[in-house]
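Per-entry structural report
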Amino acid sequence: MYGREEIRNIAIIAHVDHGKTTLVDQLLRQTGTFRDNQVVETRVMDSNDLERERGITILAKNTAVFYQPKKSKSKIKINIVDTPGHSDFSGEVERTLKMVDGVLLLVDAAEGPLPGTKFVLKKSLDLHLQPIVVINKIDRKDARPHEVLDEVFELFLSLGATDAQLDFPTIYAISKRGIAKRELDEESDNLEPLFDAIIKKVPAPDGNAAEPFRMLVTTIDYSDYLGRLGIGKISRGKISFGSPMKVIHRDGGIEDARVTKIYTFEGLKRVEAQEASVGDIIAIAGMEDVDIGETIADAADPTPLPFVAIEEPTISMNFVVNNSPFAGQEGKYVTTRNLGERLARELRSNVSLRVELTDSPDIFRVSGRGELHLSVLIENMRREGFELQVSRPEVIYKTIADVLCEPMEHVIIDVPDEFVGTVIENLGRRKGEMKNMIASNGNTRLEFFVPSRGLIGFRNEFMTQTKGTGILHHNFHGYEPFKGELDHRTKGALVAMEGGEAVAYGMWKLQERSTFFLEPGTRVYPGMIVGENAREHDMTVNVCKSKQLTNMRASGSDEAVRLEPPHLLTLEQAIEWIGDDEYVEVTPKSVRLRKKILDANERNRAAKKKPDTATGENAPKG
């Protein structure tokens, strides 16, 4: 084995919002990647519109910086992979960790290790990667860095870390200001201690440059000029422009290819190269059909590399071709063929996703790692001009040792003390099992194991009950025996009786016993859901009813119409709210809720003869 001492490959892993992308910004700045007068956006690695809007990393991305240690004449190239912190995008984390030799584990100095921290750390320890722990945000008023470090050490022990992994260096940081320290009382105004720890602790990539070339494709990109680009780390050998290669597909098929372009990474740019060697993270063009998890190898020795096992999906939804009365009015892509092609394209890069055909040609069953995973896909599709309908999420059940099991989530909640009772009661109704409760400074941290189906619709209720002050984190825990029946929604729907435009007068008469999901002037159709009833049952209403105009006036009949502000649902809220007999209709301009059966008489007949059969894969109703 020969090490490449001039290269280090690291991934930055953390829970959502612990400061990964902000730290990458500062690493780029302090290594001179940007000019002094260059205007650069914050969170520069969050290049996707959805990432910038939500403040989370959805897609793993890589960059590279050059750092020259003191007393050294040469620079060292540090390839950095910024990974998502949310467990719904775990497929991105699992495959990108195959490209690196070490990880920076970022932990918030106040919040400590959360479910996402545990998830990404477990993956990196299993791959025998060397960790460096960065206790971030030490400038917070409620920071408790020493306690958090103890919690991190306990987490390492519980996950079965080796002695070498337990001997991790600790860095204290304020990533927003670009400061890192070895000790809390140390003076520092830059990230030098962090760079030194990376150079010293993360091993150089090993492999033999003299052996035939081999690389596992862990990310796919696309260029309008070059077609598909396979991105990964070279595990052995060298590659040169024009070299003949073989692509070994996951099904065992082997295809001929030739290298038409090689790119290495420098800062935020791709730089064309004539050749690259073992340890380099590169992008290769010329393999049009290459896919994630496949191996590009020298034509003389086409042996595949093992691909990392991706965790199975836990949630599924039906994606249905839009057949509402407003179908085709707002979207560009509305047919079955459009929807099928788009989902097939998504499968090529979204390794955690599963798409199955159903008995109906207009319905695709799409499974993913969680509601957020699927809602991000739906949001991207509507921005691209697609129209579709989606059903309520269902968990995927499994039979383990002849016992029906369901997915469970590890939930951590931070709330002010006054709301603790309400939250415990709500999660108790959802079959939650409390594991821990810690109170400090007027706040309480609650830990639960809750069935995944019990969390569908919980976030909205939680934010209302805690008046927006609660913080909720959850992560897939594992499969456990089925916990029994669950009530989904305690309130019925307001369903439009006729089509037209919603009128303030018609809504005013109904608002005492309901909450509306739309504003006056919104177009509606029969069977569309316009609001939430205060009681359990659905209610058919006429929101298009207008005031009859006469030439007679009576005292008190012209009172002003005052409407409460409507509750306009986001896409995620709409998906959580709907029941089994409802769809969310998604178009580039609108998110509407509707009944699957639009005609009121047909709905009533269907409700009377409702079959008592399970849906999905041996799935009980819940």
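Residues numbered from 1 in each chain as written. Predicted model: local features only at pLDDT ≥ 70, side-chain atom pairs only at ≥ 80, totals over all residues. Heavy atoms only, no water.

**Brief notes about the pairing of strand 13 (residues 254–258)**
Sheet faces and side chains relate simply in a regular strand, where the side chains alternate between the two faces. The pairing of strand 12 (residues 244–248) with strand 13 spans five bridges and is antiparallel. Residue pairing for strand 13: Pro244 is matched across the bridge by Arg258. (Pairing = 2+ DSSP bridges. Helix = DSSP H or I, 4+ residues; strand = E, 2+ residues; numbered from the N terminus.)

**Re the pairing of strand 1 (residues 7–14)**
Within strand 1, eight of the eight residues are buried, leaving the element largely enclosed by the surrounding structure. In this structure, strand 1 lies alongside strand 3 (residues 76–82), joined through six bridges in parallel fashion. What sits directly across from Ala11, in strand 3, is Val81. As paired strands, strand 1 and strand 4 (residues 102–108) are joined by five bridges and run parallel to one another. (Buried < 20%, exposed > 50% of the residue type's maximum accessible area, 1.4 Å probe, protein only.)

**Remarks on the side chain of Asn426**
Looking at where Asn426 falls in the secondary structure, it is placed in helix 10 (residues 420–429). Beyond its immediate chain neighbours, meaning those up to four positions away, Asn426 contacts Phe458, Glu461 and Gln465. (Contact = heavy atoms within 4.5 Å.)

**A word on the environment of Arg214**
Summarising the element assignment, Arg214 is placed in strand 8 (residues 214–216). Owing to a relative accessible area of 16%, Arg214 belongs among the buried residues under this scheme. C-alpha separation for the pair Arg214 and Met245, spaced 31 residues apart in sequence, amounts to 9.4 Å. Looking at Arg214, its side chain comes within polar contact range of the side chain of Thr303, at 3.1 Å. (Polar contact = N/O pair within 3.5 Å; in protein donor to acceptor, adjacent residues only side chain to side chain.)

**Description of helix 9 (residues 371–383)**
With 13 residues, helix 9 ought to run about 18 Å at 1.5 Å a step, and its terminal C-alpha atoms sit 18 Å apart, in line with that. Burial runs high along helix 9: ten of the 13 residues are buried. Considered for burial, the residues of helix 9 that qualify are Leu372, His373, Leu374, Ser375, Val376, Leu377, Ile378, Glu379, Met381 and Arg382. Just downstream of helix 9 lies Gly385, where phi reads positive at about 105 degrees. (Expected span 1.5 Å × (residues − 1).)

**Some remarks on the pattern of salt bridges**
This structure, assessed with the given rule, holds 32 salt bridges. A salt bridge links Lys201 to Asp167, with the nearest nitrogen and oxygen atoms 3.6 Å apart. You can see Lys201 sitting in helix 7 (residues 192–201) and its partner Asp167 sitting in the loop between helix 6 (163–166) and strand 6 (170–174), a full 34 residues away along the chain. Given the relative accessible area of 49%, Asp167 is considered partly exposed. Salt-bridge contacts for Glu330 lead to Arg592; the nearest nitrogen and oxygen are separated by 2.9 Å. Residue Glu330 is found in the loop between strand 19 (315–320) and helix 8 (336–349), and its partner Arg592 is found in strand 36 (residues 591–595); the two are separated by 262 residues along the sequence. Accessibility classification places Glu330 together with Arg592 in one group, the buried group. (Salt bridge = Lys/Arg side-chain N within 4 Å of Asp/Glu carboxyl O.)

**Examining the side chain of Gln165**
Within the secondary structure layout, Gln165 lies in helix 6. Aside from chain neighbours lying at most four places away, what touches Gln165 is Ser124, Leu125, His128, Leu129, Pro131 and Phe156.

**A short note on the packing of helix 10 against helix 11 (residues 458–465)**
The interhelical angle for the contact between helix 10 and helix 11, taken along N-to-C directions, is 160 degrees, at an axis separation of 10 Å. In terms of orientation, helix 10 lies roughly antiparallel with respect to helix 11. For helix 10 against helix 11, the interelement crossing comes out right-handed. Each of Thr422, Val423, Asn426, Leu427 and Arg429 in helix 10 lies in contact with helix 11, whose residues at this interface are Phe458, Glu461, Phe462 and Gln465. The residue makeup of the contact of helix 10 with helix 11, split by class, is four nonpolar, three polar and two charged. (Axes fitted to C-alpha atoms, helices over the stretch in contact; angles between N-to-C directions. Parallel < 35°, antiparallel > 145°, perpendicular 65-115°, else oblique. Left-handed = near helix turned anticlockwise from the far one by under 90°. Nonpolar A, V, L, I, M, F, W, Y, C, P; charged D, E, K, R; others polar.)

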